[in-house]
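Listed below, chain by chain, are the residues.
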Amino acid sequence: MQENLVIVESPAKARTIEKFLGPDFLVTSSMGHIRDLEKKDFGIDIENNFEPKYVVSSDKKKIVSELKKLSKEAKTVWIASDEDREGEAIAWHLIKVLKLDEAKTKRIVFHEITKDAIMKAIESPRSLDQNLVNAQQARRVLDRIVGFEVSPVLWKKVKPALSAGRVQSVAVRLIVERERDIRDFTSTSTYRTTATFLVTENTGKASELKAELPKRFSTKSEALAFMEKCKDAEFSISDIVKRPGKRTPAQPFTTSTLQQEASRKLGFSVSQTMAVAQRLYEAGKITYMRTDSVNLSGLALNTAKKKITDTLGEKYVKTRQYKTKSKSAQEAHEAIRPTYIDQENIEGSAQEKRLYELIWKRTIASQMADAKLEKTTVTIDISTTSEKFTASGEVLVFDGFLKVYIESSDDENGNGNGTGQGIIPPVKVGNQLRLNQMVATERFTAKPPRYTEASLVRKLEELGIGRPSTYAPTITTIQNREYVVKEDRPGLQRSFTSISLKNNQISENQHSEITGAEKAKLFPTDIGMVVNDFLLKHFDHIMDFNFTANVEKEFDDIAIGKKVWNDMIQKFYSPFHGRVETALQTTDNSRGERILGNDPDSGKQVSVKIGRFGPIVQLGETTTNGDGEGKPQFAGLRTGQHLETITLEEALELFKLPRELGDYEGKKVTVAIGRFGPYVRHDNKFVSLEKEDDPFTVTLEKAVILIEAKKEKDRKAVIKVFDNEPELKILDGRWGPYISYKKKNYKLPKNTKAEELGYEDCMKIIESTPATKKSRKRK
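Each chain carries its own residue numbering, running from 1 in the written order of its sequence. Reporting of local features is limited, given that this is a predicted model, to residues whose pLDDT is at least 70; pairs of side-chain atoms are given and counted only at 80 or more, and all residues count toward the totals for whole chains, interfaces and linings. Only hydrogens and water are set aside; all other atoms, that is, all heavy atoms of the structure, feed into the side-chain values.

An account of the nonpolar core is needed here, citing residue identities and associated values.
Here the nonpolar core consists of buried residues drawn from Ala, Val, Leu, Ile, Met, Phe, Trp, Tyr and Cys, with membership extended through side-chain atoms lying within 4.5 Å. Note on classification: 1.4 Å probe, protein chains only; a residue is buried when its accessible area is under 20% of the maximum for its type, exposed when over 50%, partly exposed between these limits. Among the nonpolar cores identified, the biggest contains 139 residues, and F110, L154, L355 and F539 are the most heavily contacted of them. If one sorts the elements of this core by residue count, helix 6 (residues 130-157) sits on top with ten residues. Grouped together as the second largest cluster of nonpolar side chains are 27 residues, F197, V199, L213 and F226 included. Secondary structure elements are taken from DSSP: a helix is a run of H or I of four residues or more, a strand is a run of E of two residues or more, and numbering for both begins at the N terminus.

I'd love a proper account of helix 9 (residues 255-266), names of residues and values included.
The span one expects for a helix is its residue count, reduced by one, times 1.5 Å. Here helix 9 spans 16 Å end to end across twelve residues, near enough to the 16 Å set by a 1.5 Å rise per residue. Burial within helix 9 is extensive, with nine of its twelve residues counted as buried. All of the buried residues in helix 9 are T255, S256, L258, Q259, Q260, E261, A262, S263 and L266. Close packing links the buried residues of helix 9 with helix 10 (270-282), helix 12 (350-366), helix 13 (453-462) and helix 14 (471-480). Taken from the residues just after helix 9, G267 is the one with a positive phi, measuring 75 degrees. For this analysis, residues touch if any pair of their heavy atoms sits within 4.5 Å.

Kindly report on the environment of N532, identifying the contributing residues and their values.
Take N532: it is sitting in helix 15 (residues 526-538). Taking the C-alpha atoms as reference, N532 lies 9.5 Å from E177; in sequence the two are 355 residues apart.

Break down the pairing of strand 17 (residues 594-598) for me, with residues and values.
Both strand 17 and strand 18 (residues 605-611) contribute to a ladder of four bridges, which runs antiparallel. Looking at strand 18, one finds that N598 is bridged to Q605. Two successive antiparallel strands, strand 17 and strand 18, enclose a turn made up of six residues, where G603 displays a positive phi of approximately 80 degrees. Only strands joined by at least two bridges in the DSSP assignment are considered to pair.

Can you break down the sheet that holds strand 2 (residues 25-28) residue by residue, with the values?
The strands making up a sheet associate through backbone hydrogen bonding, with each pair oriented either parallel or antiparallel. Read from one edge to the other, the open sheet built from four strands follows the order 2-1-5-6, with strand pairing classed as parallel. The two strands at the open ends of the sheet, each matched to only one other strand, are strand 2 and strand 6 (105-107). Adjacent strand axes in the sheet meet at a mean angle of 20 degrees when their direction is disregarded. Against the sheet, helix 4 (residues 85-97) touches strand 1 (4-7), strand 5 (76-79) and strand 6, its axis set at about 175 degrees to strand 6. Helix axes are fitted to C-alpha atoms over the stretch in contact, other axes to C-alpha atoms as well, and angles between N-to-C directions run from 0 to 180 degrees.

Report on the sheet that holds strand 22 (residues 667-674), specifying residues and quantitative values.
Sheet architecture is open: four strands sit in the order 21-22-23-24, paired in antiparallel fashion. A strand with exactly one partner marks an edge of an open sheet, and here the two such strands are strand 21 (659-664) and strand 24 (685-688). Pairs of neighbouring strands in the sheet enclose a mean axial angle of 30 degrees, with direction left out of account. As judged from the six bridges shared by strand 22 and strand 23 (residues 677-682), these two strands associate in the antiparallel manner. Note on strand 23: the bridge partner recorded for A672 is Y679. The strands that helix 20 (residues 700-717) touches are strand 21, strand 22, strand 23 and strand 24; relative to strand 21, the one it contacts most, it runs at about 65 degrees.

Describe the packing of aromatic side chains, naming the residues involved and giving the relevant values.
When two rings of Phe, Tyr or Trp (its six-membered ring) have centres within 6.5 Å they constitute a pair, described as stacked for plane angles under 30 degrees, edge-to-face for angles over 60, and tilted for the intermediate range. Summed over the entire model, instances satisfying the criterion amount to twelve aromatic pairs. With centroids separated by 4.9 Å and ring planes inclined at 45 degrees, the aromatic side chains of Y316 and F398 adopt a geometry described as tilted. With Y316 in the loop between helix 11 (298-311) and helix 12 and F398 in strand 11 (residues 385-398), this residue pair connects regions lying 82 residues apart in the sequence. Here F398 falls in the buried class, since its relative accessible area comes to 15%. By the criterion adopted, a ring carries a charge over it if an Arg CZ or a Lys NZ lies within 6 Å of its centre and within 35 degrees of its normal. Positioned above the aromatic ring of Y451, the side-chain terminus of R178 is 4.4 Å from the ring centre.

Any chance you could break down the pairing of strand 19 (residues 614-619) for me, citing the residues and the numbers?
Along strand 19, five of the six residues are buried, which leaves the element largely enclosed by surrounding structure. Judged from the six bridges that link them, strand 18 and strand 19 form a sheet pairing that is antiparallel. Residue pairing for strand 19: G611 is matched across the bridge by G614. Counted along the chain from strand 18 to the antiparallel partner strand 19, the turn is two residues long. Note: strand 19 against strand 20 (residues 633-636), four bridges, orientation antiparallel. Bridged to Q618 within strand 20 is F634.

Pulling in residues and values, what's your account of the pattern of salt bridges?
What counts as a salt bridge is simple: a side-chain nitrogen of Lys or Arg found within 4 Å of a carboxyl oxygen of Asp or Glu. Within the structure shown, the criterion is met by 58 salt bridges. Among the ionic pairs, E518 bridges to K447, the shortest N-O distance being 3.9 Å. Of this pair, E518 sits in strand 16 (residues 518-524) while K447 sits in the loop between strand 12 (432-444) and helix 13, and the two are 71 residues apart along the sequence. With a closest N to O distance of 4.0 Å, R458 and E462 form a salt bridge. Of this pair, R458 and E462 both sit in helix 13, separated by four residues, roughly a single helical turn. Residue classification places R458 among the partly exposed residues on the basis of a relative accessible area of 27%. Of the residues examined, E462 reaches a relative accessible area of 56% and is grouped as exposed.

Below is the structure:
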């Protein structure tokens, strides 16, 4: 009989824990399947006060049976799921599904996978925290109610296969509102004036002093008038102010700050960061990665202090115990830190090494001394006007934590002004300065920045929406649902003016720059905007930022036993369900339709809306005269075109397709835009255009090149054909060789040499391949 059975989430976590436990412990990772069971097969019995119900599917019964057998054979069952609410809920589901004997079942938690932490947990097991289970239960039930009830409304009123969610819909709202703010934004220009002065030092060497005029001029004429005043002016130093300054290190990582910094410094997506952090945690390299605490344990503080003292010296040490400011912070976890802080490097993949290094540096820096600075501000008088230039410089006196780590920031518009200089040259009050050059440059007000994944996480956290475990799934979901896309977009060329004063001569120059380029930014799609507008109109309460944040607070109250979860759900459900019924019965279909005007040639109405496969333009209206005259024409929007911004002229251009290019090999060649993008059609075969090709301007010559390239590719794809069965072919596809027979594809067994297969071999493979089940269509 096995003494002890330990159940954890994953094989990686199991392997790490096994190293620290003796032969009396059997560690199994089958709980990953229970996690699936908990998420997919758990239902809600609304009629019975939201009580849980189970339907164990056939593919899981074998797994559950094996776990039941192991748990019955063990004297003690240790449930070691994660220490957050989701982990507690999984432990509860294990007890229920496996029907564990509570007398021999013990719950253990640890926030790092080390021998000391595991043994300490085993020495002091605790009972299941039902309040944490209830809080997680309430979250899942509420989210399912919103999703299950609102999604069918969207299917009927907007478009099939759409979905809504309590947190995801609010995240989409943030992105949609930011996009509309950008579209409505009107940029204005001002003139920023800078100057460089020459300062003669005691050695006779001339140094540059860079300064800026605090005032910005609204027009070019104002800037020119100021330049005229400065032509024969004298410049002198009227004031010098020196003051000490300091920079303080950032707090250790929480889930959200790790996601933000990994995005800025490493270019990781939010989901990528969490996947890599999960692997590091399960390998015992870092502490638990879903946390909103900035606390560090006493052991971590002492280890960090020793590491800093040994490598840099005592003057770099400053022990800091951070406290979580957020009232809504979940359980008292520790911040994300290396498990062994004295280990600066680890073995692992390149991604794991980079993320670990980031976590290690942030943790060490948080326990280091402030960086000390000396800030100098010089005021420069102008003899011919009351305006004054100011020059500012900053000198690093002691680097402190900057020796290890500098936190990045989201300067999303590239607005670093670059006006300061490192060291101010030696100057005194009353010194006369010689003007080298003065430049007034036309600058433009910046539009609101679009969200990156990192800045969206920060915004959600600021609003109190979501929790550490929900940020990554939320951002992944809204992209998978195609409500939002993450992409790069090129900027536009913009001209600007600069006015220079040098050697008492004023000159004016024209320049150009690229502005508005976006990298890895989140953009709402047309369908995302239409769904957002529909939900705001008919379900404004679940789209309200305060509602979503208040719900999170209610979950927190349930977690500490202040509220009963069933009551909280019932209080929400009754009025909400009434709104759903009203929306189904009384609201009109919403396709985001917008009438652009009339076609000048035919007089027919031109409009845009969401169609079955996405945004479309419609020419004409549907009528019932029976002669076919009332059948409208449709065209898909091009990349970069949107329902809210497309013009009548742009919409009419789309009906110039399909466009006939000419004949090739005696057959017509046409170009058009289909569901999957622009394409060329020839001999009833379709070839996609390349990214740089415009379907409205592509030539016959280019189309022929694409057609021939596709033919060559198809020829190379054919490995073998059979004269006695023309429909049977062996082809080379994207994932290797396969058999094609009667419009169906068949995978070759491993280590099979495709070119050696005969007719009988192919037919055996086809006959031995099990028939694929037809997917059931959702009603």
